[in-house]
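What follows is each chain in one-letter form.
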Amino acid sequence: MKATFIGLGIMGSRMAENLLKNGVDVTVWNRSEGPMEELKAKGARVAPSAIEAVAGAHLVFSMLSTPEVVEKVFMKDDGVLSAMKEDSIWVDCSTVNPSFTVRALQAAEQEGVRFMDAPVAGTKPHAENAELVFFVGGDKEILEEVEPYLNMMGKKVLHIGENGKGTSFKMLVNIMLAQSMAIFSEAVLLGEKMGISRDFLLNVVPNLVVSAPFTGAKAELIRNDNYEVQFPLEWMHKDLHLAAVTAYELNQPLYLANLAKELYAEANKKGMGRLDFAAIHKFLEER
Ligand SMILES: NC(=O)c1ccc[n+]([C@@H]2O[C@H](COP(=O)([O-])OP(=O)(O)OC[C@H]3O[C@@H](n4cnc5c(N)ncnc54)[C@H](OP(=O)(O)O)[C@@H]3O)[C@@H](O)[C@H]2O)c1
C-alpha cells in the first residue's frame with residue numbers, strides 16, 4: 001500500500017505516522033523541514049517539493065491549515081493537482097468551508113483527479129492513537145478504496161453524503177465545540193465568583209448532563225493553567241469565521257456562533273492563537 005501525505009502539522013504528522021505503522025509506503029511533504037525529518041527517521045520517504053511528492057501517486061492526503069493554504073498548495077497553476085496523475089485520488093482532511101470544498105472538487109475534476117473531503121473529529125491524542133472520526137463527503141466507490149487507509153488513522157468513518165457534506169458536518173461540530181468551551185468557562189468563572197471552589201467546579205461540572213463531555217479533558221488544562229496546544233485557538237477562530245462565511249452564503253442567521261467568533265478573535269489577537277482553544281478560559285478570566 002502506498003500514499004502521499006501533504007501537511008505534517010499537529011494532526012498530519014501523527015496521521016502519516018499511523019499509515020507508516022501499518023506498513024504503508026508513505027511519501028511526505030511539508031512546508032517546513034522539521035516534521036519531514038522526524039517522519040523520515042520513522043521510515044517515510046521525503047520529497048523535496050509538493051509536486052515531487054505526488055508524482056506517480058495514486059492516493060494523496062492533505063491536512064493543511066486553511067482553505068487559502070489548500071488552494072495555494074493544490075489549486076494554483078503550478079499546484080499539486082496539476083502534477084497528479086489521471087484517476088488518482090485526493091483526500092482533503094483539512095477543516096475548510098463547504099463552498100471551498102466544491103471549488104476543490106471542480107479543480108480536481110479539471111485535472112482528471114478523483115476527490116473526497118474527509119475532515120476529522122478528535123485532537124492531538126486521538127490523531128496519535130488512531131482514534132479519529134472521519135466525516136466523509138464523496139462517492140461511495142472512492143470511499144471503498146480509501147477506507148482501509150482511514151481505518152489506520154481513525155476508529156470510525158461516517159459517510160455523510162456527496163462532496164462538501166463532510167466539511168459541512170465538521171463545521172456544525174466545531175461551532176458547537178467552540179461555544180461549549182466558552183459556555184463551560186463562563187459558568188466555572190461565575191461559580192468561582194459565587195464562592196464555589198475551582199477544584200469542585202472543574203471536577204463536577206464536566207459530568208453534569210448539561211455539559212459537553214469533552215470539557216472533562218479541558219478542565220485539566222484549566223486546573224494546571226497549562227494550555228499546551230492540541231487544537232490551536234487560531235484554527236478555532238478560523239472555523240468560526242468559515243461558519244460565518246457559510247451562513248452568509250446560505251442567508252442563514254448565526255447569532256451565537258458569531259458572538260463566540262468575536263471572543264476567539266480577541267483571544268487570538270492577544271497572542272493566544274498557538275495555545276489550545278481551551279485558553280478561551282484564560283482569556284475570559286483575564287478579561
Ligand atoms: N489540532 C486539532 O486538534 C485539529 C482537529 C481537527 C481538525 N483540525 C484541522 O486540521 C488542519 C490542520 O490542523 P493542525 O492542528 O495540524 O494545524 P498545524 O499544526 O498548525 O499545521 C498546519 C499545517 O499547514 C501547513 N501550512 C500552514 N501554512 C502553510 C503555507 N502557507 N504553505 C504550506 N503549508 C502551510 C503547516 O506547515 P508548517 O509545518 O510549515 O507550518 C502544517 O503542515 C486544520 O484545518 C485544523 O483546523 C485540527
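Conventions used here
- Residues numbered from 1 in each chain as written.
- Predicted model: local features only at pLDDT ≥ 70, side-chain atom pairs only at ≥ 80, totals over all residues.
- Helix = DSSP H or I, 4+ residues; strand = E, 2+ residues; numbered from the N terminus.
- Rg over C-alpha atoms; globule rule 2.2 N^0.38 Å.
- Buried ≥ 20, exposed ≤ 12 C-beta atoms within 10 Å, placed from the backbone.
- Contact = placed C-beta atoms within 7 Å.
- Core = buried A, V, L, I, M, F, W, Y, C linked by C-beta atoms within 7 Å.
- Domains from an automatic or database assignment.
- Near = placed C-beta within 6 Å.
- Nonpolar A, V, L, I, M, F, W, Y, C, P; charged D, E, K, R; others polar.
- Axes fitted to C-alpha atoms, helices over the stretch in contact; angles between N-to-C directions.
- Parallel < 35°, antiparallel > 145°, perpendicular 65-115°, else oblique.
- Left-handed = near helix turned anticlockwise from the far one by under 90°.
- Pairing = 2+ DSSP bridges.
- Right-handed = clockwise from strand over helix to strand, strands pointing away.
- Expected span 1.5 Å × (residues − 1).
- Arc of directions from axis to C-beta.

Description of the overall build of the protein
For step 1, the next point in the chain: In terms of helices and strands, the protein carries 14 helices and nine strands.
For step 2, the next point in the chain: Since a compact globule built from 287 residues should have a radius of gyration of about 19 Å, the 20 Å found for the protein is in line with a globular shape.
For step 3, the next point in the chain: In terms of principal-axis extent, the alpha carbons of the protein reach across some 65 × 45 × 30 Å.
For step 4, the next point in the chain: Counting over 287 residues, the protein shows a buried share of 47%.
For step 5, the next point in the chain: Put simply, 64% of the contacts in the protein that link residues at least 6 apart link residues at least 24 apart.

Structural notes on the nonpolar core
For step 1, the next point in the chain: The biggest cluster of nonpolar side chains holds 87 residues, and the ones touching the most others in it are Ile-6, Val-28, Ala-279 and Ile-280.
For step 2, the next point in the chain: Take this core: its biggest share by element is eight residues, from helix H9 (residues 165-193).
For step 3, the next point in the chain: No fewer than three residues from each of domain 1 (2-160) and domain 2 (168-286) sit in this core.
For step 4, the next point in the chain: If we ignore the near neighbours within four places in the chain, the residues touching Ile-6 are Trp-29, Ala-50, Ala-53, Val-60, Phe-61, Ser-62, Leu-64, Val-73 and Val-80.

So, the site of the ligand
For step 1, the next point in the chain: If you check the shell around the ligand, you find 25 residues, and the closest are Gly-9, Arg-31, Ser-32, Thr-123 and Phe-231.
For step 2, the next point in the chain: Counting residues per element, the ones that place at least two in the shell around the ligand are helix H1 (10-21) and helix H4 (67-75).
For step 3, the next point in the chain: Of the residues belonging to the shell around the ligand, the class tally is twelve nonpolar, ten polar and three charged.
For step 4, the next point in the chain: For the shell around the ligand, the domains that each give at least three residues are domain 1 (2-160) and domain 2 (168-286).

Some thoughts on the packing of H9 against helix H13 (residues 255-272)
For step 1, the next point in the chain: Relative to each other, H9 and H13 sit at 65 degrees, their axes nearing to 10 Å. On the basis of their axis angle, the class for H9 and H13 is roughly perpendicular. The two elements H9 and H13 cross, and the hand of that crossing is left-handed. Across from Ile-175, Ala-178, Gln-179 and Ala-182 in H9, the residues of H13 making contact are Leu-256, Ala-257, Ala-260, Leu-263 and Tyr-264.
For step 2, the next point in the chain: In terms of residue class, the contact of H9 with H13 is built from eight nonpolar, one polar and no charged.

Some remarks on the domain arrangement of the protein
For step 1, the next point in the chain: Annotation of the protein at the domain level lists domain 1 (2-160) and domain 2 (168-286).
For step 2, the next point in the chain: Each of domain 1 and domain 2 was reduced to a C-alpha centroid, and the two centroids are 28 Å apart.
For step 3, the next point in the chain: Among the residues forming the side of domain 1 that touches domain 2, the class breakdown is seven nonpolar, six polar and one charged.

Describing the pairing of strand S6 (residues 114-117)
For step 1, the next point in the chain: Of the two faces of S6, the one lined by Arg-114 and Met-116 and the one lined by Phe-115 and Asp-117 are each fully buried.
For step 2, the next point in the chain: With four bridges connecting them, strand S5 (residues 89-92) and S6 associate as parallel partners. Counterpart to Trp-90 in the pairing with S6 is Phe-115.
For step 3, the next point in the chain: A crossover links S5 with its parallel partner S6, the connecting element being helix H6 (residues 98-110), and its sense is right-handed.

What to know about unusual backbone geometry
Among all residues except glycine, the phi angle is most often negative; among peptide bonds, the trans geometry is most common.
For step 1, the next point in the chain: Here Asp-87, not a glycine, exhibits a phi torsion of approximately 75 degrees, which is positive.
For step 2, the next point in the chain: Mapped onto the elements of the fold, Asp-87 is located in the loop between helix H5 (80-83) and S5.
For step 3, the next point in the chain: Phi at Asn-251 takes a positive value of approximately 55 degrees, unusual for a residue other than glycine.
For step 4, the next point in the chain: By secondary structure assignment, the location of Asn-251 is in the loop between helix H12 (233-249) and H13.
For step 5, the next point in the chain: According to the C-beta neighbour criterion, Asn-251 is exposed, with 6 such atoms within 10 Å.

Points about the environment of Ile-160
For step 1, the next point in the chain: Relative to the helices and strands, Ile-160 resides in strand S9 (residues 154-161).
For step 2, the next point in the chain: It is 5.8 Å that separates the C-alpha atoms of Ile-160 and Gly-137, two residues lying 23 residues apart in sequence.
For step 3, the next point in the chain: Not counting residues within four places of it along the chain, the set of residues in contact with Ile-160 comprises Phe-135, Val-136, Gly-137, Lys-165, Gly-166 and Phe-169.

Points about the pairing of S9
A regular strand places its side chains on the two faces of the sheet in alternate fashion.
For step 1, the next point in the chain: For strand S8 (residues 132-137) and S9, the ladder comprises six bridges, and the chain directions are parallel. Paired with Phe-135 across the strands is Leu-158, a residue of S9.
For step 2, the next point in the chain: Crossover connection from S8 via helix H8 (residues 140-153) to parallel S9: handedness right-handed.

Describing H9
For step 1, the next point in the chain: With 29 residues, H9 ought to run about 42 Å at 1.5 Å a step, and its terminal C-alpha atoms sit 43 Å apart, in line with that.
For step 2, the next point in the chain: Count one or two residues on from H9 and you reach Gly-195, which has phi positive near 95 degrees.

Some words on H4
For step 1, the next point in the chain: Listing the buried residues of H4 in full gives Pro-67, Val-70, Val-73, Phe-74 and Met-75. With its buried residues spanning 150 degrees around the axis, H4 presents them on a single face.
For step 2, the next point in the chain: Where the residues of H4 are buried, they touch strand S1 (2-6), helix H3 (50-54), strand S4 (59-62), H5, S5 and H6.

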